[in-house]
Amino acid sequence: MKRIAVLTSGGDSPGMNAAVRAVVRTALYHGMETIGVMRGFEGLMDGDCMTLDRAAVGGIIHRGGTILRTARSERFKTEAGQRAALVQMENRKVDALVVIGGDGSFRGALELEKKGLPVIGIPGTIDNDIAGTDVTIGYDTAVNTALSAVQKLRDTASSHDRLFIVEVMGRDAGFLALEVAVSSGAEYVVVPEIQLDIAKMCDHLHYSRKRGKTHSLIILAEGVMSAHELKNRLQDTGGYDARVTVLGYIQRGGSPSSFDTVLASRMGAFAVESLLEGKSGSMVCSICGQMTLCPLEDAWKSPKHLNPELLALVEKLSV
Ligand code: F6P
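Source: prediction; values computed, not measured.

Rules used throughout
Position labels on residues start from 1 in each chain and follow its written sequence. Local features in this predicted model are restricted to residues of pLDDT 70 or higher, and side-chain atom pairs are both shown and tallied only at a pLDDT of 80 or more, whereas totals for entire chains, interfaces and linings draw on every residue. To get the side-chain values, all heavy atoms of the structure are used, and hydrogens and water are removed first. Nearness is judged by heavy atoms alone; a residue qualifies as near a molecule or strand once a single heavy atom is within 4 Å of it. Polar contact criterion, stated in full: a pair of N or O atoms within 3.5 Å, where within protein one must be able to donate a hydrogen and the other to accept it, and residues adjacent in sequence count only if both atoms are side-chain atoms. All accessibility values rest on the Shrake-Rupley procedure with a 1.4 Å probe; residue burial counts only the protein chains present in the view. Only protein atoms enter the 1 Å grid, on which a cavity is a set of points fitting a 1.4 Å probe that cannot get out and a pocket is an open set with protein on both sides within 12 Å along at least 5 of 7 lines, lining residues being those with an atom within 4 Å of a point. Whether a molecule lies in a cavity or pocket depends on its atoms, and more than half of them have to be within 2 Å of the grid points. Residue polarity follows a fixed list, in which Ala, Val, Leu, Ile, Met, Phe, Trp, Tyr, Cys and Pro are nonpolar, Asp, Glu, Lys and Arg are charged, and the others, Gly among them, are polar. Strands pair, by our definition, only if DSSP identifies at least two bridges between them. A run of DSSP states H or I qualifies as a helix once it reaches four residues; a run of E qualifies as a strand once it reaches two. Both are numbered from the N-terminal end. Axis lines are fitted to C-alpha atoms, over the contacting stretch for helices. Their N-to-C directions set the angle, which ranges from 0 to 180 degrees. UniProt positions are given in the numbering used here, feature names are shortened, and annotations may be inferred rather than shown by experiment. Here, residues are in contact when the closest pair of their heavy atoms is within 4.5 Å. Remark: exposure states derive from per-residue accessible area (1.4 Å probe, protein chains only) relative to the maximum for the residue type, with buried under 20%, exposed over 50%, and partly exposed in between. When the strands point away from the viewer, a crossover counts as right-handed if the path from the first strand over the helix to the second runs clockwise.

1. With respect to the site of the ligand
Inference 1: Around the ligand, the surrounding shell consists of Arg72, Ile126, Asp127, Met169, Gly170, Arg171, Glu222, Tyr249 and Arg252.
Inference 2: A distance of 2.9 Å separates an oxygen atom of the ligand from a polar side-chain atom of aspartate 127.
Inference 3: One nitrogen or oxygen atom from the side chain of arginine 252 is found 2.9 Å from an oxygen atom belonging to the ligand.
Inference 4: Relative to its free-state accessible area of 390 Å², the ligand is covered by the protein chains to the extent of 81%.
Inference 5: When each cavity is represented as a set of grid points, the ligand is found to reside in the largest pocket.
Inference 6: A class-by-class count of the residues in the shell around the ligand yields three nonpolar, one polar and five charged.

Rendered as structure tokens:
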């Protein structure tokens, strides 16, 4: 194996640059060259590529976003799009591809693998909703970004004896919301995986007020409903006048935490060394802190469950 390519795809996440750097530097260490593909699968089809030498990935380990840029591609879902991507890889004599992204990106990667290009995936998403791995690159940073905002909101909530709803990212999964709820000491967490019972929530808030709590925090995953909708429902059902904060895309940016930087560096190196061992069609996973591989399909075939202990903790610790 002489030349590999790397791309980032789907929503960006802090630590993607550290993963790109690790791929390039590990390839160099083993005497290989790396081609960086711009704008994910879009750039792959268009041949928007450049050689990444050691200097090209210097000074990026601490930067959020992705120097390779990213995209979500409808065109790549077609047979013609995938064939165009393979032609670009053949023309550049690329032996294998590393795809950094979420489950949608891995579905695309698998199509290329089936057509003959060796592929390894690296899980990068702030949602942490990829089965097969305990953690994904960017999740820890996003949790800490959201937590520091919620801690500020707690200050003003307590000064004014207010109820706050904080909407965090998570279209289909509540991992981020749950971790933020536990770490911020929130009274309630609302996640897509669990049916919301608005009357129960109002009772819970009512009893905590009766027990002397003067302010409360609700952490809401965006996929359930908007924070404004929840505010209206709390008003209608319990007469509560909640304040709303939507954290939005700030959660996807910023420098990666130490955890994400180390995770990304390990995953990037492991991906390259797995390709050298002849592995393909797999995703790099972190299981109990150990790097391992699982089939790419595992990313979406079985659901990843929220930790029931953490769910119970939110309730227990807000007595
Ligand atoms: O990166 C994952 C995620 O942040 C989801 O939680 C969110 O719903 C989605 O991306 C939104 O991303 P975009 O608007 O870029 O499609």
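2. As for the sheet that holds strand 5 (residues 119-123)
Inference 1: Spatial ordering of the open sheet is given by 3-2-1-4-5-10-11, a layout of seven strands whose pairing is mixed. Strand pairing shows two members of the sheet lacking a second neighbour, strand 3 (49-52) and strand 11 (290-295), which therefore form its edges. Strand-to-strand twist of the sheet, defined as the mean angle between neighbouring strand axes without regard to direction, takes the value 30°.
Inference 2: Two elements, strand 10 (residues 282-287) and strand 11, share six bridges in a ladder whose sense is antiparallel. In the sheet register, cysteine 285 faces strand 11, and the bridge partner there is threonine 292.

3. Section: the UniProt feature "active site" (unreviewed entry) in the protein chain
Inference 1: With numbering aligned to this structure, UniProt lists the feature "active site" (unreviewed entry) at Asp127.
Inference 2: Take aspartate 127: it is sitting in the loop between strand 5 and helix 5 (139-160).
Inference 3: The residues contacting aspartate 127, other than those within four sequence positions of it, are Tyr139, Met169, Gly170 and Phe175.

4. A word on unusual backbone geometry
Inference 1: The backbone phi angle of arginine 39 is positive, close to 55°, even though this residue is not glycine.
Inference 2: Locating arginine 39 in the fold gives a position in the loop between strand 2 (33-37) and helix 2 (40-46).
Inference 3: The exposure class of arginine 39 is partly exposed, given its relative accessible area of 22%.
Inference 4: Located in the positive-phi region is aspartate 161, a residue other than glycine, with phi close to 55°.
Inference 5: On the secondary structure map, aspartate 161 appears in the loop between helix 5 and strand 6 (163-168).
Inference 6: When its relative accessible area of 43% is taken as the criterion, aspartate 161 is described as partly exposed.

5. Re the side chain of serine 105
Inference 1: With respect to the helices and strands, serine 105 occurs in helix 4 (residues 103-114).
Inference 2: Within polar-contact distance, the side chain of serine 105 engages the side chain of serine 9 at 2.9 Å.

6. Some details on the pairing of strand 8 (residues 216-221)
Inference 1: With six of six residues buried, strand 8 lies mostly within the body of the structure.
Inference 2: Judged by which residues are buried, strand 8 turns out to be covered on both faces: Ser216, Ile218 and Leu220 on one side and Leu217, Ile219 and Ala221 on the other are all buried.
Inference 3: Where strand 6 meets strand 8, six bridges bridge the pair, whose relative direction is parallel. Within strand 8, the residue paired with phenylalanine 164 across the bridge is leucine 217.
Inference 4: Read as a crossover between parallel neighbours, the route from strand 7 (residues 188-190) over helix 7 (residues 198-210) to strand 8 is right-handed.

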